[in-house]
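Here's the letter readout for the chains.
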Amino acid sequence: MATLLAPEDFSPSEDVMALNKAFEGWGTDEKAIRWILGHRNADQRKQIRLAYQEISLEDLNKKTQI
């Protein structure tokens, strides 16, 4: 995944909360998911994936598969 601009100060737990909100309800907010993950570098996405597993007890990679 290409990175647009990755912020230096980010919070994996805040990103997990935003991702959970994007997954809620009848539809998935794909735009929000793309924005969050697209604005993080590879290391940050790994931190988000690990935090998501810890907080949500789900695999983020499986959750975002089409």
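Note: the structure precedes this text.
Residues numbered from 1 in each chain as written. Predicted model: local features only at pLDDT ≥ 70, side-chain atom pairs only at ≥ 80, totals over all residues. Heavy atoms only, no water.

**Considering the packing of helix H1 (residues 12–23) against helix H2 (residues 30–38)**
- Packing of H1 against H2 brings their axes to within 9 Å, and their N-to-C directions diverge by 160°. Classified by the angle their axes make, H1 and H2 are roughly antiparallel. Along this stretch, H1 crosses H2, giving a crossing that reads as left-handed. Note on element contacts: H2 touches H1 through Ala32, Ile33, Ile36 and Leu37, opposite Asp15, Ala18, Leu19, Ala22 and Phe23. (Axes fitted to C-alpha atoms, helices over the stretch in contact; angles between N-to-C directions. Helix = DSSP H or I, 4+ residues; strand = E, 2+ residues; numbered from the N terminus. Parallel < 35°, antiparallel > 145°, perpendicular 65-115°, else oblique. Left-handed = near helix turned anticlockwise from the far one by under 90°. Contact = heavy atoms within 4.5 Å.)

**Details of unusual backbone geometry**
- Positive phi values are uncommon outside glycine, yet Leu57 reaches one of about 60°.
- Looking at where Leu57 falls in the secondary structure, it is placed in the loop between helix H3 (42–56) and helix H4 (60–63).

**Here we look at H3**
- With 15 residues, H3 extends 20 Å between its outermost C-alpha atoms, agreeing within 8% with the 21 Å of an ideal straight helix rising 1.5 Å per residue.
- For H3, the full list of buried residues reads Gln44, Arg45, Ile48, Ala51, Tyr52 and Ser56. The buried side chains of H3 occupy one side of the element, clustering within an arc of 125° when seen end-on. The outward face of H3, more than 90 degrees from its buried face, is lined by the exposed residues Ala42 and Glu54.
- Against the buried residues of H3 lie H1, H2 and H4.
- The opening residue of H3 is Asn41, an N-cap whose side-chain oxygen sits 3.1 Å from the backbone nitrogen of Asp43.
- Just downstream of H3 lies Leu57, where phi reads positive at about 60°. (Expected span 1.5 Å × (residues − 1). Buried < 20%, exposed > 50% of the residue type's maximum accessible area, 1.4 Å probe, protein only. Arc of directions from axis to C-beta. Polar contact = N/O pair within 3.5 Å; in protein donor to acceptor, adjacent residues only side chain to side chain.)

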